[in-house]
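So you can see what is in the structure, the chains are spelled out below.
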Amino acid sequence: MELSLVRPSVALADAFSRLRDEVADPSLEEPDFASIVAVDRQHFGAYIDRLRGLEAGTIASKSGVRISTFWTLDERGEILAVSGLRHALTPALLEYGGHIGFAVRPSARRRGVARATLSRLLVEARALGIARARLTCDATNVGSRRVIEGLDGALDDESPSPSANGALVRRYWIDCGA
Ligand SMILES: CC(C)(COP(=O)(O)OP(=O)(O)OC[C@H]1O[C@@H](n2cnc3c(N)ncnc32)[C@H](O)[C@@H]1OP(=O)(O)O)[C@@H](O)C(=O)NCCC(=O)NCCS
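Residues numbered from 1 in each chain as written. Predicted model: local features only at pLDDT ≥ 70, side-chain atom pairs only at ≥ 80, totals over all residues. Heavy atoms only, no water.

## Remarks on the site of the ligand
Here is step 1 of the chain: If you check the shell around the ligand, you find 19 residues, and the closest are Phe102, Val104, Arg110, Gly112 and Asn141.
Here is step 2 of the chain: The backbone of arginine 111 places a nitrogen or oxygen atom 3.2 Å from an oxygen atom of the ligand.
Here is step 3 of the chain: Glycine 112 is positioned with one of its backbone polar atoms (N or O) 2.7 Å from an oxygen atom of the ligand.
Here is step 4 of the chain: In the complex, the protein chains occlude 74% of the 910 Å² of accessible area that the ligand would expose alone.
Here is step 5 of the chain: Where the shell around the ligand is concerned, the elements lending two or more residues are strand S4 (100-104), helix H5 (113-127), strand S5 (132-138) and helix H6 (142-150). (Near = heavy atom within 4 Å. Polar contact = N/O pair within 3.5 Å; in protein donor to acceptor, adjacent residues only side chain to side chain. Areas by Shrake-Rupley, 256 points an atom, 1.4 Å probe, with all protein chains shown as cover. Helix = DSSP H or I, 4+ residues; strand = E, 2+ residues; numbered from the N terminus.)

See below:
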């Protein structure tokens, strides 16, 4: 499977709608896609503008740091994964959230999409001057743990997080390369 990491654009409106239709199914219970489900077609252009503003820093994010959003596309231009790269850490992000978050659409899981996405995000992080990336995940999220540990994530700490309703959270560092 040939994958590419791209920035969101209005040209991907149809692919976005197909992704949204899939993850909007309430029986799937996909909280990581809540922000996607919230975007209706009519406001797609404004959504793209907002993502650009969050990256440029002209719009403030909830965490207070700039964030670049990426979509992982297959060779047909379908969006298989969504991810975010925060340009900096705050004490809160160090504890929960980290530099990088990613989610793969349910129909594309267990095919190496998360691994390929994270690997490319680390290159993007390095280009931003981030020497080591912070990643956090719930201790029960076996898939996420495997992805992070498979890319040599070094466990820094594991403890309950107030930001995750007291759930046990694992915190890692991944070297982004020279
Ligand atoms: C976790 C998630 C990102 C994994 O995506 P994916 O594309 O299926 O992962 P990959 O196919 O790249 O798998 C990478 C490794 O994890 C393993 N893996 C993935 N999902 C797994 C699961 N549910 N249970 C056990 N192992 C799993 C794969 O077998 C593979 O192992 P290997 O390196 O030993 O071969 C995806 O399930 C998801 O989007 N979940 C919801 C959002 C989320 O949890 N995001 C992470 C937040 S930190």
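## Comments concerning the pairing of strand S3 (residues 79-86)
For a regular strand, side chains alternate in direction, first toward one face of the sheet and then toward the other.
Here is step 1 of the chain: Counting buried residues in S3 gives eight out of eight residues, a clear majority hidden from the surface.
Here is step 2 of the chain: For strand S2 (residues 67-73) and S3, the ladder comprises seven bridges, and the chain directions are antiparallel. Bridged to isoleucine 67 within S3 is arginine 86.
Here is step 3 of the chain: Counting the residues that bridge the hairpin from S2 to S3 gives five residues, and of these glycine 77 lies at a positive phi of roughly 90 degrees. (Buried < 20%, exposed > 50% of the residue type's maximum accessible area, 1.4 Å probe, protein only. Pairing = 2+ DSSP bridges.)

## Focus: helix H3 (residues 44-56)
Here is step 1 of the chain: Between its first and last C-alpha, H3 extends 18 Å over 13 residues, near the 18 Å set by a 1.5 Å rise per residue.
Here is step 2 of the chain: For H3, the full list of buried residues reads Phe44, Tyr47, Ile48, Leu51, Gly53, Leu54 and Glu55.
Here is step 3 of the chain: In this structure, the buried residues of H3 make contact with helix H1 (13-23), helix H2 (34-37) and S2.
Here is step 4 of the chain: In the segment just after H3, glycine 57 is the residue with positive phi, at about 90 degrees. (Expected span 1.5 Å × (residues − 1). Contact = heavy atoms within 4.5 Å.)

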